[in-house]
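# A look at the structure
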Amino acid sequence: MNISVTGIGLVAPGVRGPADLTGPAATAAGTQRPGGTGTGGTGTGGTGSEGRGKDRTGPGGTGPGGTGSGRTGTDTTGTGGPDWFDPVPYLGRRGWKYLTPATRYLLAAANEAAGTRHGDKPPHGHDAARFGVCTGTHHSIAAMHARLDRTIREEGSSGLSPAELPGFSVNMPASQLAISMQCRAFSVTLTNPVVAGLDAVLFALNALRRGRADRVLATATEDTAPGSDTLGGAAALLLERGDRDADPAPGEVTGGTSRFITRDPAGAWRPESLRAAAEKVAGLGAGEQVLRYAFCGPDSTASVDEAVREAFSARGPALKDTASAGADARFGAVSGLLQLAGLLNDPGPGLVVAVSDDGHLAAVTVRGS
Amino acid sequence: MPPVVITGLGAVSCLGDSVESLWEGLLRADGTPTPAPEDCGLDERPSVYRVRGPAQERSERAGRLYGRASGMAGHAVGEALADAGLGRDDLADAGLAVGTTLGDIDLAEAGAAPAATGTASFQVASAVAGAYGLGGPNQSLSTACSAGVYAVSWAAELIATGQADVVVACGTDSYSRVALASLDRFGLLDRTLCRPFDADRQGMVTGDGAAAVVLESAEHARRRGATPYAVLEGYGWSCDGHHPTAPEPSGEQLGRAVAGALAEASGPPGALVLHRAGIAVNDVVESDVIAAALGERVDRTPAFGIKAVIGHTAGAAGVFGCVAAALMLRHRTVPPNAHVSALDPGCPLEVPVDGPVPLTEPRVLVSATGFGGNNAALVLGAPS
């Protein structure tokens with residue numbers, strides 16, 4: 001059973017489309033983890049690692065500005081200032097005032113992926129009962145929750161606006177998307193830090209393979225949060241069962257895995273847990289000669305990246321580094337989806353591995369057309 | 001679907017810190033809530049079914065602070081693993097599926113969120129997996145108040161597809177000032193008591209708690225000589241796609257989830273563990289959907305509303321439903337429904353109130369709904 005990627009939607013600071021995900025323009029969008037170790041040079045007779053461990057400029061710098069679809073806001077720095085996203089070109093002038101920022105980003109990205117306009121009726125042949133939604137997010141309600149809590153402490157519940165209150169529940173971006181696009185197979189939100197976007201893809205992949213849906217929007221969305229430098233934004237992949245020969249798709253999702261890497265009481269990764277996770281990831285490369293590779297995680301996860309490279313070095317295939325927005329995980333759960341979209345922008349097999357500081361690992365393989 | 005069985009149970013509720021205390025409390029049918037904390041921000045403190053004692057206390061490990069939801073989840077998972085006879089050496093490839101709506105939200109509401117790590121409240125899965133060395137697939141799911149049933153069925157998916165032999169499914173949520181005030185603002189709270197089958201019910205009453213079940217492939221359980229409580233016979237999912245907080249009034253989508261679960265089951269259910277929380281508009285939809293699915297068996301299939309004695313535990317509710325269902329199968333008994341002065345005249349289901357009744361068939365249907373119209377249902381059957 002092939003699972004095709006038939007649409008991609010990206011709405012993030014400094015990222016306006018697939019072209020912004022790789023190459024020089026992507027530098028501003030966090031293509032590399034600052035301070036990473038850059039082991040490089042792994043692989044078994046293939047191209048090895050390219051680009052890691054050199055010129056690590058990290059986040060910041062200049063973004064692509066308004067050079068993309070023309071539907072973006074005013075951000076020209078790629079740093080996610082408060083005005084980077086203008087909902088009007090995506091969502092129209094009405095109907096989104098009481099939706100949370102993460103919900104707005106998600107609706108915009110999902111409609112981009114599906115090739116639809118927000119608020120339009122579902123297209124002819126739309127089977128709502130076979131259309132599902134999975135959304136990864138970790139920070140989408142933190143800012144709103146803090147604001148609501150302040151209001152309650154100062155004014156009591158009478159100070160709360162019923163119109164915006166549903167947003168206190170972390171599943172609400174996905175639920176609003178399901179309402180908007182008539183998705184009735186399921187609407188599931190996944191919340192592990194950093195990896196939740198890839199977890200959404202894994203959930204969708206499983207559901208499609210098991211016949212619980214025919215189409216799934218695998219998505220991620222984040223909002224800025226108190227005490228965190230995570231950026232807001234969203235990404236969406238439209239996944240469908242079956243080959244798409246008649247309507248060439250950007251690619252397909254071919255596999256994936258999830259693991260948890262434990263730490264010892266002193267806080268160091270347990271070697272046996274790290275090794276087991278890396279071996280599981282390396283198993284995803286079976287049958288390939290060269291695998292384009294993108295790692296996503298904060299600085300503290302560099303040794304996981306090294307363990308994965310070591311596992312591939314021992315058993316192949318060769319890894320070919322592919323710099324893509326999201327490597328430093330500063331887009332939170334969206335980071336992994338940005339990297340998948342980057343890999344789908346070029347032909348051939350690719351692998352994204354996302355890891356959180358607290359030990360979550362998710363890996364997804366794709367094949368670009 | 002390859003057979004998946006439940007071999008361990010764990011529970012932390014206002015009835016106590018064990019499955020045994022939960023079952024005793026369900027049979028007594030006398031659990032009641034207490035007033036919300038003084039800093040709840042509401043003039044008249046609503047009632048809350050709160051967990052007390054060490055199982056719900058915050059903790060710190062390896063420099064990271066964990067909140068009440070993580071504490072309760074850790075305790076429930078520990079009980080479930082011990083019950084299943086699984087130790088740390090067995091768990092390197094075991095998975096974890098956590099259902100929670102707000103995670104360790106108490107840390108944020110106390111101003112103690114671990115901002116330095118950039119980690120928000122959703123850290124229960126890492127707290128539990130780290131504590132027990134669960135190194136397999138690990139996901140945290142939120143579908144609002146149906147998250148527990150989604151966690152259990154997702155755990156079964158991981159096993160059925162060969163991604164793990166053992167997966168622990170856990171649901172957990174703790175008291176939240178924001179959640180309580182929001183529900184109050186929506187007018188969804190019964191401020192005194194959860195009485196889901198009573199004609200005068202006024203809404204839901206929130207509750208703390210965590211529940212856990214150990215799922216494994218039947219073959220894995222057989223090889224190690226484990227005695228299952230139950231077989232997970234089937235499950236169904238659906239989404240209303242209708243309204244952020246109100247159910248789709250026809251119940252068509254919930255009906256699809258229930259029908260999907262029943263279609264995969266080996267026979268009709270002998271009891272029902274309902275989502276029923278005391279919110280009339282939701283209760284009516286659920287009861288009518290399930291009555292229609294049961295057909296002529298409706299008047300001999302006892303229904304049970306667990307929230308009357310432990311409150312609405314949000315992301316934990318569905319796992320509590322599964323623990324209760326597994327215990328019903330083990331004891332062949334359906335507990336009585338609590339706090340019913342006058343039975344809701346619109347309820348078409350059989351509702352025992354005078355005492356426990358026998359389980360009529362060796363299967364129990366568990367149903368769950370949540371904000372956003374997230375529906376799920378599953379059927380647990382007695383092991384052969």
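Residues numbered from 1 in each chain as written. Chains lettered and ligands numbered in written order. Predicted model: local features only at pLDDT ≥ 70, side-chain atom pairs only at ≥ 80, totals over all residues. Heavy atoms only, no water.

### Re helix α6 (residues 271-282) of chain A
An α-helical turn contains 3.6 residues, so any two residues separated by three or four positions project in the same direction. Definition in use: In DSSP terms, a helix is any run of H or I states spanning at least four residues, a strand is any run of E spanning at least two, and both are numbered starting from the N terminus. Here the expected span of a helix is defined as 1.5 Å times the quantity of residues minus one. Contact definition: two residues touch when any of their heavy atoms are within 4.5 Å.
Between its terminal C-alpha atoms α6(A) stretches 16 Å, which fits the 16 Å expected from 12 residues at 1.5 Å a residue. On the buried face of α6(A), the contacting elements are β6 (251-260), α7 (302-315), β9 (348-355) and β10 (360-368) of chain A.

### Considerations on the nonpolar core
Selection rule: By convention a nonpolar core is built from buried Ala, Val, Leu, Ile, Met, Phe, Trp, Tyr and Cys residues, the set being connected through side-chain atoms within 4.5 Å. Categorising residues by exposure relies on relative accessible area from a 1.4 Å probe, with only protein chains included: less than 20% of the type maximum marks a residue as buried, more than 50% marks it as exposed, and the intermediate range marks it as partly exposed.
Grouped together as the largest cluster of nonpolar side chains are 108 residues, with contacts concentrated most on A:Phe186, A:Leu239, B:Leu215 and B:Leu380. Of all the elements, helix α11 (residues 317-331) of chain B adds the most residues to this core, at 10 residues. Here B:Leu215 is in contact with B:Val4, B:Val5, B:Ile6, B:Val152, B:Ala155, B:Ile159, B:Asp165, B:Val166, B:Val167, B:Ala169 and B:Leu232, once residues within four sequence places are set aside. A:Val170, B:Val48, B:Phe122 and B:Ala181 belong to the second-largest nonpolar core, a separate cluster that totals 29 residues.

### Examining the pattern of salt bridges
Two side chains bearing opposite charge may form a pair once their charged atoms approach each other closely. All names here are of chain B. For clarity, the cut-off: Each salt bridge in this description consists of a side-chain nitrogen of Lys or Arg and a carboxyl oxygen of Asp or Glu lying within 4 Å of one another.
Counting across every chain of the model gives 33 salt bridges over all chains. Among the salt bridges present, the one from Asp 344 reaches Arg 201, with a minimum N-O distance of 3.4 Å. A residue pair is termed long-range when its members are at least 10 positions apart, and Asp 344 in the loop between β14 (333-334) and β15 (357-358) and Arg 201 in the loop between α6 (177-185) and β9 (206-207) qualify at 143 residues. Accessibility expressed as a relative area gives 10% for Asp 344, which makes it buried. In this structure, Arg 276 engages Asp 344 in a salt bridge whose closest nitrogen and oxygen atoms are separated by 2.8 Å. One end of the pair, Arg 276, is in the loop between β12 (271-273) and α9 (280-294); the other, Asp 344, is in the loop between β14 and β15, and 68 residues separate them in sequence.

### Some thoughts on the environment of A:Arg309
Residues and elements named next belong to chain A. Among the secondary structure elements, Arg 309 is positioned in helix α7. Judged by relative accessible area, Arg 309 falls into the buried class, the value being 1%. Each C-alpha atom of the pair Arg 309 and Gly 297 lies 15 Å from the other, and the pair is 12 residues apart in sequence.

### Thoughts on the UniProt feature "domain: Beta-ketoacyl synthase-like N-terminal" (unreviewed entry) in chain A
Filter applied, for reference: UniProt positions are given in the numbering used here, feature names are shortened, and annotations may be inferred rather than shown by experiment.
Per the UniProt record, the feature "domain: Beta-ketoacyl synthase-like N-terminal" (unreviewed entry) sits at residues 97-241 of chain A. Along residues 97-241 of chain A one finds 36% helix and 19% strand; the C-alpha atoms at either end are 35 Å apart.

### Remarks on the interface of chain B and chain A
Rules: What qualifies as a polar contact is a pair of N or O atoms within 3.5 Å, subject to a donor-acceptor requirement within protein and to the restriction that residues adjacent in sequence count only when both atoms come from side chains.
Taken together, the 65 residues of chain B in the interface contact 54 residues of chain A. Where chain B packs against chain A, one counts 6 salt bridges. One salt bridge in this structure joins B:Asp93 and A:Arg259, with 2.9 Å as the shortest N-O distance. If you look at where chain B meets chain A, you find 29 residue pairs in polar contact (both at pLDDT 80 or more).

### Re the packing of helix α3 (residues 142-155) of chain A against α6(B)
A pair of packed helices is captured by two measures, namely the crossing angle of their axes and the spacing between those axes. Keep this limit in mind: Axes here mean lines fitted to C-alpha atoms, for a helix over just the part in contact, with angles spanning 0 to 180 degrees between N-to-C directions. Relative orientations are named as follows: roughly parallel for angles under 35 degrees, roughly antiparallel for angles over 145 degrees, roughly perpendicular for angles from 65 to 115 degrees, and oblique for any other angle. Handedness of a crossing is defined here by the sense of rotation of the near helix relative to the far one, left-handed for an anticlockwise turn of less than a right angle and right-handed for a clockwise turn. Classification convention: Asp, Glu, Lys, Arg as charged; Ala, Val, Leu, Ile, Met, Phe, Trp, Tyr, Cys, Pro as nonpolar; all other residues, Gly among them, as polar.
Interaxial distance between α3(A) and α6(B) falls to 9 Å at its minimum, and their mutual angle equals 70 degrees. If you check the angle between α3(A) and α6(B), you find them roughly perpendicular. As for how α3(A) packs across α6(B), the hand of that crossing is left-handed. Where α3(A) approaches α6(B), its residues A:His145, A:Leu148, A:Asp149, A:Ile152 and A:Arg153 are matched on the opposing element by B:Arg177, B:Val178 and B:Ala181. When grouped by side-chain class, the residues that make up the contact of α3(A) with α6(B) number 4 nonpolar, 1 polar and 3 charged.

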